[in-house]
Amino acid sequence: MKITGFSPVYEIIGNNPVAPNLTAFPGKESVQIPTVSTFAKPYATETILAKTTLMVKKGTSWNDLKAITGPSSIGISDQNTIASISGSPGLTAYCSQSGLMISTDSAKTWTKSPLNGIAGVIQSQQLSPLAFQPPNCYQVALEPGYSASLFAAFPVNPVSQPAPPVYLDPLYSTDSGLNWKPVPIPNGLTPIDFSAFINRGSEIEAYFTRPNSLVGTIETTINGGQTWTNSAPKCPITGPCIAIEPTIPGNCAMNGMPTNLVYSLNHGLTWEKAMWPYSINICNFAEIVPLGPKSALLIAGESNYPLRVTYDSGVTWSYVSLPQLPGSDTAILGANQPLYLLPNGSLLSYGSEWMLLTPGSKSWCIPKTTIAGSSSFIFAAPKVNFGHFEWISSSPQSTFESLPLSKLTCQS
């Protein structure tokens, strides 16, 4: 069915002048037919445009995805506020309201990393740190084999432009935070074109946006920041070549930061935008989980379509229906219900109440260990490290929290 026509514009900011409303009736044709409502004026009447017959096919449900055994790698859209590397000395770092916190004993004890001269380094790039004393980080990354190297991004704005929006300035240290330097900036770009640090195996990648490019460009180090090389972004280590387009941080408090889901069918030589979903709001947590050579899940719990799947390397996506959460007034898991896929293939909903959905299950369950109060509220991307689920809570000073994965199972 295709409807064409025009409508006078009565309002630019607010509801669209014409809001189509498709109403479907199962079974045989009814005397009632779909209508299109216009909201250009208060109490506007409904205008019937057309009717048609629709054939609805059964979609994919969570119960159909029994093969999920946990992600081998995850692409995260949110800020990487927690970083860790395996083996001695058990180094872990995270960004908190009180500074960049470092642990050398697998998160048992913490010390504050020195941020000597950070403000001066930021100002030398014609940028101004936000009103933190000292400046605080929004992202942190660590590189295996280089325990003295720290990679962190700090909130800034250009000297001539007050916030918002807020940008990030990528810096690094090779001496445990005693001295900091700017990450090399790709030709033709500026520090505020920076998007995110990504830890890819044994290397650190600093992603930058570039005009007229879906995937931007990256600066890569494989030796703890001693040298950097510029290159085009690469495909994920496993699964299909799908990525979330790098985006300059903006104003999440007002309009969000919509960005594209992109894919490549030729190993990263060229990239295309997915036709649907049209965009992802990266102010919220989202992840891409590979299932096979051509299949992957897109998990974005705070969107209208929290779980989507592709079987053709990201060209097309379909919605995966989820069981209704207990206490929810709708069968669609909608906004404000962040989700995370655990290594055992279970979905964790970590809203005001934590709930689990195990592989192939038809209903949610309560975990053995429940997290209540401010400790349950996760305001940054969580992470799984060495058998623990880790997150930064809303407790005073952004507290680091950790829970063994063995406790994130259903109550018997």
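Rules used in this analysis
Residues numbered from 1 in each chain as written. Predicted model: local features only at pLDDT ≥ 70, side-chain atom pairs only at ≥ 80, totals over all residues. Heavy atoms only, no water. Helix = DSSP H or I, 4+ residues; strand = E, 2+ residues; numbered from the N terminus. Buried < 20%, exposed > 50% of the residue type's maximum accessible area, 1.4 Å probe, protein only. Contact = heavy atoms within 4.5 Å. Salt bridge = Lys/Arg side-chain N within 4 Å of Asp/Glu carboxyl O. Phe/Tyr/Trp six-rings, centres within 6.5 Å; stacked < 30°, edge-to-face > 60°. Lys NZ or Arg CZ within 6 Å of the ring centre and 35° of its normal. Pairing = 2+ DSSP bridges. Disulfide = S-S within 2.5 Å.

A. Just the overall build of the chain, in detail. Counting its regular elements, the chain contains one helix and 33 strands. For the chain, the residues scored as buried account for 45% of the 412 residues in total. Taking contacts inside the chain between residues at least 6 apart in sequence as the whole, the part at least 24 apart equals 50%.

B. How the structure looks around the pattern of salt bridges. Considering all chains together, one arrives at two salt bridges under this definition. One salt bridge connects R200 with E205, and the closest N-O pair in it is separated by 2.7 Å. In terms of burial, R200 and E205 fall into one category: buried. Of the charged contacts, one joins K234 and E203 as a salt bridge, the two residues approaching to 3.0 Å between their closest N and O atoms. Of this pair, K234 sits in the loop between strand 18 (229-231) and strand 19 (242-244) while E203 sits in strand 16 (residues 203-208); the two residues are 31 residues apart in sequence, bridging distant segments of the chain.

C. Broad picture of the environment of S349. You can see S349 is positioned in strand 29 (residues 347-350). With 15 residues separating them in the primary sequence, S349 and W364 have C-alpha atoms 9.3 Å apart. Residues in contact with S349, not counting those within four places in the same chain, are L325, Q337, P338, L339, W354, M355 and W364.

D. Seen up close, the packing of aromatic side chains. Taken as a whole and judged by the stated rule, the model has 16 aromatic pairs. Judged by centre distance (5.5 Å) and plane angle (70 degrees), the rings of Y340 and F389 are edge-to-face. Pair noted here: Y340 is in strand 28 (residues 339-341) and F389 is in strand 32 (residues 388-392), with a separation of 49 residues, a long-range link. Pair check on accessibility: Y340 and F389 agree, each one buried. Ring centres of W354 and W391 lie 5.0 Å apart, and the angle between their planes is 65 degrees; on these two criteria the pair is classed as edge-to-face. With a gap of 37 residues between them, W354 in strand 30 (residues 354-357) and W391 in strand 32 connect regions that are remote in the sequence. A single burial state applies to W354 and to W391, both of which are buried. Through a chain of ring-to-ring contacts, three or more aromatic side chains come together here, namely F151, Y172, F194, F197, F208 and W228. It is R308 that lies over the ring of W276; its NZ or CZ is 5.1 Å from the centre.

E. Geometry of the pairing of strand 26 (residues 307-310). Burial along strand 26 is two-sided: the residues L307 and V309 and R308 and T310 are all buried. Sheet topology note: the strand 26/strand 27 (residues 318-321) ladder contains two bridges and is antiparallel. Residue V309 lies in a different strand from strand 27, and its bridge partner there is S318.

F. The state of the cysteines, seen in detail. Summed over all chains, the structure comprises three disulfides. Between the sulfur atoms of C95 and its disulfide partner C137 the distance amounts to 2.2 Å. Here the disulfide of C95 and C137 is left-handed, its torsion about the S-S bond being about -125 degrees. Within this pair, whereas C95 is found in strand 7 (residues 92-96), its partner C137 is found in the loop between strand 10 (127-129) and strand 11 (139-141), the two being separated by 42 residues in sequence. In this pair, the class of C95 matches that of C137, namely buried. There is a disulfide in this structure between C365 and C410, and the S-S distance comes to 1.8 Å. The sign of the S-S torsion, about -70 degrees, decides the handedness of the disulfide formed by C365 and C410: left-handed.

It is worth stressing that arrangement in space is one thing and function is another; only the former is reported here.
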